[in-house]
Amino acid sequence: MRTDSRPPLAEQVRRSSVAGLVHGSLLYGGVISFLHVLHNQLPSAWSSVVLFLGSSLLYGVGCAAVFAAVALTLETGRYLIPGRRGDRADHDRAPDHLTAGAFVFNLAFWFLVANYGLTYDQMPFGEHASAPGMLAWIALRTLFVAGGSFLVAWLFARGWRTMRQRKGKTFLIGAYGTLLALHVGLAILYDPPTIPPADPTTLPDPAALRPPRKVVLLAADGADWRVMEPLVEAGEMPNLDRLMARGVHGPLESLPGTNSPVLWASIYTGLEPAEHRLLDFFSIRLPGMIRGVYPVHRTFFKESIGYLEEVGLAERTTVNRDDLYGTLIWEVASALGRSIGVVDGYYYSFPAPPMSDPESYFVAYGADRFYSRASEGPRPLSARQEAEDYARPPELLDRLGPILSEGEFRWQSRALLELLELRPQPDFLNFYSHQPDAVQHGTWRSFRPRRYLPISREGDGEEDDFDIFVFHREFDRFLGKLVERVEPGTVILLVSDHGHSPTLFHAVDTMHRHGPPGVFLMVGGPARRGVRISDAHLYDVFPTVLHLLGLPVPQTAAGRVLDEAFSDEFRETTPVARVASYEALLPIFHTGSGSGDPVPKERQDEELEKLRALGYIR
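Residues numbered from 1 in each chain as written. Predicted model: local features only at pLDDT ≥ 70, side-chain atom pairs only at ≥ 80, totals over all residues. Heavy atoms only, no water.

(A) How the structure looks around the pattern of salt bridges. Using the criterion set out here, one finds 24 salt bridges in the structure. Note that Asp509 and Arg445 form a salt bridge whose closest N and O atoms lie 3.3 Å from each other. One end of the pair, Asp509, is in the loop between β10 (501-502) and β11 (510-511); the other, Arg445, is in helix α16 (residues 435-447), with 64 residues separating them in the sequence. Just as Asp509 is buried, Arg445 falls in that class too. Via salt bridges that share partners, Glu11, Arg14 and Arg15 belong to a single interconnected network. (Salt bridge = Lys/Arg side-chain N within 4 Å of Asp/Glu carboxyl O. Helix = DSSP H or I, 4+ residues; strand = E, 2+ residues; numbered from the N terminus. Buried < 20%, exposed > 50% of the residue type's maximum accessible area, 1.4 Å probe, protein only.)

(B) Molecular detail of a nonpolar patch on the surface. On the surface, Phe150, Leu151, Trp154 and Leu155 cluster together to form a nonpolar patch covering roughly 410 Å² of accessible area. Mapped onto the elements of the fold, Phe150 is located in helix α5 (residues 131-165). (Patch = residues over 30% accessible without salt bridge, like charges linked within 9 Å, V, L, I, M, F, W, Y side chains within 5 Å. Areas by Shrake-Rupley, 256 points an atom, 1.4 Å probe, with all protein chains shown as cover.)

(C) Representation of α16 in the model. Within α16, the axis deviates most sharply at His441, by approximately 55°. Taking burial as the measure, the 13 residues of α16 include 12 buried ones, the bulk of the element. Restricting attention to buried positions, one finds in α16 the residues Gln435, Pro436, Asp437, Ala438, Val439, Gln440, His441, Gly442, Thr443, Trp444, Arg445 and Phe447. (Bend = angle between axes of the 7 residues up to and from the residue.)

(D) Spatial organisation of the packing of helix α13 (residues 367-374) against helix α14 (residues 396-404). For the pair α13 and α14, the least separation of the axes is 10 Å and the interaxial angle reads 100°. As summarised for this structure, α13 and α14 are arranged roughly perpendicular, according to the angle between their axes. Residue-level contacts link Ala367, Asp368, Phe370 and Tyr371 of α13 to Leu397, Gly401, Pro402 and Leu404 of α14. Along the lines of polarity and charge, the residues of the contact of α13 with α14 split into six nonpolar, one polar and one charged. (Axes fitted to C-alpha atoms, helices over the stretch in contact; angles between N-to-C directions. Parallel < 35°, antiparallel > 145°, perpendicular 65-115°, else oblique. Contact = heavy atoms within 4.5 Å. Nonpolar A, V, L, I, M, F, W, Y, C, P; charged D, E, K, R; others polar.)

(E) Molecular detail of the side chain of Ser339. Here Ser339 lies in the loop between α12 (329-335) and β5 (340-343). If sequence neighbours within four positions are ignored, Ser339 has contacts with Asp357, Glu359, Ser360, Pro426, Asp427 and Phe428.

(F) Focus on the side chain of His434. Examined against the element boundaries, His434 turns out to sit in the loop between β8 (428-433) and α16. Residues in contact with His434, not counting those within four places in the same chain, are Asp221, Tyr346, Glu408, Leu614 and Tyr616.

(G) Seen up close, the pairing of strand β9 (residues 491-495). Counting buried positions along β9 yields five of five residues, so the element is predominantly enclosed. Relative to β9, strand β1 (residues 215-220) runs parallel, the two being bridged by five bridges. Each bridged residue has a counterpart across the sheet, and for Leu218 the counterpart in β9 is Leu494. Here β9 pairs with strand β12 (residues 518-523) via four bridges, running antiparallel. In the sheet register, Leu494 faces β12, and the bridge partner there is Leu521. (Pairing = 2+ DSSP bridges.)

Everything listed here is a matter of geometry and, on its own, says nothing about what the molecule does.
Laid out in structure tokens, this is it:
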């Protein structure tokens, strides 16, 4: 005769699922959605409510599934193992389903938070560590995570039982109501981002400005001295070696806790992220939300959204110029009478702005993929109105067409050199390439193999024929050709938004969320020769370039002009001019549509696929 007084298996699973739903929705979903409201300064109360409800459901259902699976496993094991079919006393000694379920969920979540993407920079003696040392460090961190996870799980289980005995429904209603009120209250406090009205009286008179120096800004995403300096010493990058000897170089301090779109937005506008308000590669919108939100890192919200998007329950929208509330270097230069040339300016160069100077030209981000699509149509590119979004003048696409079919860095570098041959060199020339970042993410193990386990990966790198060594040799040849083609006296700046550090536990070889320094190099004109500096910050690029172009530096800039990079004569004879701000230019280049507005699905899919190929999203 069976004397076990435990509830039936289905009832055990149901009770655990309900507890998991509360655990996940309240402790994770509610808190994580609140973090998103804070992070985005979300000014929409309705969107905050939808975000709260959606996040609570997302994390609640996920946690409930874990709790149910744990309860089912424990109960099934109890009935299958001989001698475990005890009476009520045995029930009291049986494993606590809620503690076990909460422990499993918390451990999985916080293990990934603590260790996924952990870099050698973030561990003791990281410069001298190898893969076994990293594994030991991950194991040690996991012990602490496991201890904390068990304590929280035990407290939750004890609290859940007490709450059920003391009218827990009232408590839950109060807890959910308080979180919801915080979401709404915080959203009411935030003001929506606005575009100020145009006020030309705040701008300097172009006729009164001093003559510019010719400037070329080479924006090499993810370039790292820890890669380039050893290659220089090995004789692999002779052109860079000569530029370092002729100019100023050193690390460029980055911003921890963020990624490339945020960093380049700060470099190109001189503003802090809280000011330019572009906070990630894409924004996320749940059904019913009026405004999208940028995901908070290490909450696994954006990873979950990928699955919801597949079934139409979420939408990701990659950023473009209208998501950036700041004025870009080339926009300031163009508005104040300087000729400009842009060969890719990352996300912020789409759509291409109108050109007032006949010597200026612009090849926007995504021009290569647009050309590939448009060239298959029945009409010539010059007749397509949408071509103006990718190039000014649009006939540049016809001229550069054969080049645009090559890989990213190759089409960009060849297009820049071609345009320097075809057209007069503009006062300011911007070149951007994501290739250094992509190559290092994918092939760092070939550069420092002892940092990795002896496990091969298929499809390393963005292109099969590009690894760290091949790319940097090609990049060095590009530097040599560029120096030959620019006018004498041109100032060349090479900058990167961050460096890299290897990681053992991630989909890519390296990570950089902890903010390893990038690269700064300035050569030509008034730059000092053979000098290494140590305190340059990415905020300093914007004011330094404006100063070289003979333009006033706005008081709103977060950085400073790098005076120590200039000769004594230049510092003495060329004081830094100031202006209050360049906000009056924003209405000219910004349509005011803001984050999350629809973009063509074809382009959207291309951008997401590119991020997926780089290992940034799932």
